[in-house]
Number of protein chains: 2
Amino acid sequence: MKDGPDISRIAALIGDPARSNMLLALMDGRALTASELADAAGITKQTASFHLARLLDGALLAREIQGRHHYFRLDNADVGHAIEVLLGIAESRTGNRARTGPKEPALRKARICYDHLAGELGVLVYDRMCAQRWLTGAGNETFVTPKGWVALKRIGVTKSDLSNSRRPQCKTCLDWSMRRHHLAGVVGQKLLEQFFERGWAKQLPQTRIIEFSKKGEASLRKWLN
Amino acid sequence: MKDGPDISRIAALIGDPARSNMLLALMDGRALTASELADAAGITKQTASFHLARLLDGALLAREIQGRHHYFRLDNADVGHAIEVLLGIAESRTGNRARTGPKEPALRKARICYDHLAGELGVLVYDRMCAQRWLTGAGNETFVTPKGWVALKRIGVTKSDLSNSRRPQCKTCLDWSMRRHHLAGVVGQKLLEQFFERGWAKQLPQTRIIEFSKKGEASLRKWLN
DNA sequence: TTCATCATTCGATCGTAATCGAACCATGAA
DNA sequence: TTCATGGTTCGATTACGATCGAATGATGAA
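Residues numbered from 1 in each chain as written. Chains lettered and ligands numbered in written order. Predicted model: local features only at pLDDT ≥ 70, side-chain atom pairs only at ≥ 80, totals over all residues. Heavy atoms only, no water.

## Focus: the protein's contact with DNA strand C
Selection rule: Residues are classed as near a molecule or strand on a simple rule: at least one heavy atom within 4 Å of it. Elements are defined by DSSP. Helices are runs of H or I of four residues or more, strands are runs of E of two residues or more, and each kind is numbered from the N terminus. Residue polarity is assigned by list, with Asp, Glu, Lys and Arg as charged and Ala, Val, Leu, Ile, Met, Phe, Trp, Tyr, Cys and Pro as nonpolar; anything else, Gly included, falls into the polar class.
In the neighbourhood of DNA strand C, 22 residues make up the surrounding shell, with S35(A), R19(B), Q46(B), T47(B) and H51(B) lying closest. Atoms of DNA strand C within 4 Å of the protein: sugar and phosphate make up 65%, bases the balance. For the surface near DNA strand C, the secondary-structure elements that each account for two or more residues are α3 (34-41), α4 (45-57) and β3 (69-74) of chain A together with α2 (17-25) and α4 (45-57) of chain B. With five residues, the single largest contributor to the surface near DNA strand C is α4(B). Looking at side-chain class alone, the surface near DNA strand C contains four nonpolar, eleven polar and seven charged residues.

## Focus: the packing of α2(B) against α4(B)
Residue and element names in this part refer to chain B. Stated formally: In this analysis, axes come from line fits to C-alpha atoms, helices being fitted only over the stretch in contact, and the angle between any two N-to-C directions falls in the range 0 to 180 degrees. Put simply, angles under 35 degrees are roughly parallel, angles over 145 are roughly antiparallel, angles from 65 to 115 are roughly perpendicular, and the rest are oblique. In what follows, a contact means two residues having at least one pair of non-hydrogen atoms within 4.5 Å.
Running from amino to carboxyl end, α2 crosses α4 at an angle of 70°, the nearest separation of the two axes being 10 Å. In terms of their interaxial angle, α2 and α4 are classed as roughly perpendicular. Counted together, A18, R19, M22 and L23 of α2 and A48, H51, L52, R54 and L55 of α4 form the full contact between these two elements. Class assignment for the residues of the contact of α2 with α4 results in six nonpolar, one polar and two charged.

## As for unusual backbone geometry
Even without being glycine, A59(A) reaches a positive phi, approximately 60°. In this model, N225(B) sits at a positive phi of 60°, which is unusual for a non-glycine residue. Relative to the helices and strands, N225(B) is located in the segment after α11 (214-223).

## Some words on the pairing of strand β2 (residues 61-66) of chain B
Going by this rule: Whether two strands pair depends on DSSP finding at least two bridges between them.
Bridge count for β2(B) against strand β3 (residues 69-74) of chain B is six bridges, and the pairing is antiparallel. Paired with E64(B) across the two strands is Y71(B), which belongs to β3(B).

## Some details on the protein's contact with DNA strand D
Going by this rule: Here a polar contact is recorded for every N or O atom pair within 3.5 Å, except that within protein the pair must consist of a potential hydrogen donor and a potential acceptor, and residues adjacent in sequence are included only if both atoms are side-chain atoms.
Around DNA strand D there are 20 residues in total, and R19(A), Q46(A), T47(A), H51(A) and S35(B) lie nearest to it. The separation between a phosphate oxygen of DNA strand D and a polar side-chain atom of T44(A) is 3.2 Å. At 3.5 Å, a side-chain N or O of R68(A) approaches a base oxygen of DNA strand D. Contributing elements (two or more residues each) for the surface near DNA strand D: α2 (17-25) and α4 of chain A together with α3 (34-41), α4 and β3 of chain B. A total of four residues in the surface near DNA strand D trace back to one element, the largest contributor, which is α4(A). Residues that form the surface near DNA strand D fall into these classes: three nonpolar, eleven polar and six charged.

Take it as geometry only, folks, not as evidence of what the structure does.
Structure follows, in structure tokens:
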């Protein structure tokens, strides 16, 4: 037990209500200021600052300072993934109802998972992209095929957009409500960005829900054939 | 924040060193007695009993009473999955070295993940089974093909073995060291069982390491072509 | 410079969770 | 019955972490 990975340290960081509320507030991938996070958790600024320092120290959060504003965001997608898994367990305990996943149908349909699309539509995107051989590779190591790049270009995501990023291009992320995988990684992020820019979807304020317009969903399905 | 899934409750349960040590000790899928767990965590029986009651209450553990022995095991594979994810984060924080995953090469090669095989060999099994169309389906919903049942029968796993289980037959589990998927679910469990029975591999006591004999690994690779 | 705002640090308080000794309960063996 | 063992409950202690008021640092605007 000496120098092994200290799982309890990480879990304890998430295990405080104030901190977990702040982490949940960051699950949409945005960066929030200390005051906003204090608000989200319902605590004073001092207390928030204390907790944020701990989260920074544990490298669950990253901070970016702009003038007098300090912006905090999840340090990486792994943190978001851990929170999704814990959400899944917590839900199965408290909910105790037959169907898995979030209660709100809207959340189950489409939501943001750190910085990419999750829910029914997220799984649909991943499935269709696999079925049409736009993606290749088993398990978590997934790559875009040449055919896939053509399709992505049609929607405004180009290879050069991602070349200078250190993040893995594609990853899969286990979907909490669907119990299947959806697309994460830079491609997943850029894709969602395009959905927003094209007006196909927008994020409901203060929630993780992503709402597709009728037209937007139709366009998406058309793109996926 | 009223009645939503309480992620901090779950995380706080894992976030105590004594409890996390007990959970880690159970990651090999076996069921251990209260005394054994007290030992594993380095605490007295009373304290262990206190923690075990909390873990039961939070439904992270399940208890089975046999005479005066109380056996504890992880309540389900989701719990094991959550711990693997946290292990991954903790490792990336403390280790800070380039390569991901456990330090010990043996652990990276083959280890037990809740009740199935993980590590390089675990990923190999999954990849080969997919490549030969013994498994089908994208994401986490995976099924054994007719061709796959033939191959599984050759190694002693038959369809009838699993018919009366409520657990999903096949699941994929994200491998902490490899960052790829390996096979979980009942099939993954039965498969590992066969590896043990055939003497291809054995678990090193007090560790999660699974050691394949030279002959055993050769037999495994032959089975996978 | 002065002022307002955003954030962190300090200090003190408070509550609660972890711990263990001791007692108690249940089971199985003698 | 008695005894030994595995496990839980009770009670008291202890220590640590969360919280907030107040003070201190920054930054940007007037």
